[in-house]
Amino acid sequence: RSLQCQGTGDRMVMDSLRRVFLLLARSPLLWLPGIVAGGLGAMDILLQFTYGTFFASRVVIIEALIMPFLLAGAYTEIKTGDKDLKAFLSAGIHYYFRILLPTLLITCAILATVILLSIPLAIMGAIETVLPFILLGSIIPIIFFVFFYDTAAVFEDRGVFDCIRRSVEVVLN
């Protein structure tokens, strides 16, 4: 019986992968967010080793401003099936702030959590040893619960706080 279930699961995974590769083959604009993120990530690493972190941090900011536009266009293309460049660009403009604003809100929540957890530890003098654990202990749970906020913003046409709430609902369910 367990072999039957495993075979069914394997077929489901292979079916999903086949559909994804067919979608990517038919829609070349869906490659754009990944290519841009990879290129900017490579540029970040290159700048860190050649010019230092001052210039490399600027690439991260540029990436944070470009990616919501590209993700909004890609999600809308998946949602509607429209493979036109004009539709991609207009969807990117339409949903840009619906993805960017929750991203900024989540980033501020992570920073506030890290700062508030660091204050008592800094008073005790143990901040240097515990800071990496505070960072990971704050970032991972928050990202876990808000992982689907961008898809909720585009696919369900939700607002800033509503898409975060919807992401938490999906994760809890």
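Structure first, text after, so check above.
Below: a short report on this structure. This one's a predicted model, so the numbers in the text were calculated from it and none came from an experiment.

## Some words on helix α3 (residues 53-80)
At step 1: With 28 residues, α3 ought to run about 40 Å at 1.5 Å a step, and its terminal C-alpha atoms sit 40 Å apart, in line with that.
At step 2: Bending of α3 peaks at approximately 30° at the position of Ile66, with proline Pro68 no more than four residues after it.
At step 3: Of the residues making up α3, those classed as buried are Ala56, Val59, Met67, Pro68, Leu70, Ala72, Gly73, Ala74, Tyr75, Thr76 and Glu77.
At step 4: Among the structural elements, α2 (32-50), α4 (85-124) and α6 (149-155) are those in contact with the buried residues of α3.
At step 5: The first or second residue beyond α3 is Gly81, which carries a positive phi of 85°.

## Points about the packing of α4 against helix α5 (residues 127-145)
At step 1: It is the contact of α4 with α5, at a shortest axis distance of 9 Å, that shows an interaxial angle of 150°. In terms of axis orientation, α4 runs roughly antiparallel to α5. Considering the relative orientation of α4 and α5, their crossing is right-handed. Residues Ile106, Ala109, Ile110, Thr113, Val114, Leu117, Ser118, Leu121 and Ala122 of α4 pack against Ile127, Val130, Leu131, Ile134, Leu135, Ser138, Ile139, Ile142 and Ile143 of α5.
At step 2: Looking at the contact of α4 with α5 residue by residue, the class counts come to 15 nonpolar, 3 polar and no charged.

## Comments concerning the layout of surface pockets
Over the atoms rolls a probe the size of a water molecule, and its path tells where empty space is left.
At step 1: Of the pockets and cavities examined, the largest pocket occupies roughly 690 Å³.
At step 2: If you trace the largest pocket, you find 22 residues lining it, with Ala64, Thr103, Thr107, Ile143 and Tyr149 closest to the centre.
At step 3: Elements that contribute at least two residues to the lining of the largest pocket include exactly α3, α4 and α6.
At step 4: Residue composition of the lining of the largest pocket, by class: 18 nonpolar, 2 polar and 2 charged.
At step 5: Considering only enclosed or pocket space, the second largest pocket measures out at about 210 Å³ in volume.
At step 6: What lines the second largest pocket is simply Arg19, Val20, Leu23, Leu24, Leu30, Pro33, Gly34, Leu71, Ala74, Tyr75 and Ile78.
At step 7: Elements with a minimum of two residues in the lining of the second largest pocket: α1 (2-26), α2 and α3.

Thresholds applied
Residues numbered from 1 in each chain as written. Predicted model: local features only at pLDDT ≥ 70, side-chain atom pairs only at ≥ 80, totals over all residues. Heavy atoms only, no water. Helix = DSSP H or I, 4+ residues; strand = E, 2+ residues; numbered from the N terminus. Expected span 1.5 Å × (residues − 1). Bend = angle between axes of the 7 residues up to and from the residue. Buried < 20%, exposed > 50% of the residue type's maximum accessible area, 1.4 Å probe, protein only. Contact = heavy atoms within 4.5 Å. Axes fitted to C-alpha atoms, helices over the stretch in contact; angles between N-to-C directions. Parallel < 35°, antiparallel > 145°, perpendicular 65-115°, else oblique. Left-handed = near helix turned anticlockwise from the far one by under 90°. Nonpolar A, V, L, I, M, F, W, Y, C, P; charged D, E, K, R; others polar. 1 Å grid on protein atoms, 1.4 Å probe; cavity = no way out; pocket = protein on both sides within 12 Å on 5 of 7 lines; lining within 4 Å. Points joined across faces, edges and corners; volume = space filled by probe spheres on them.

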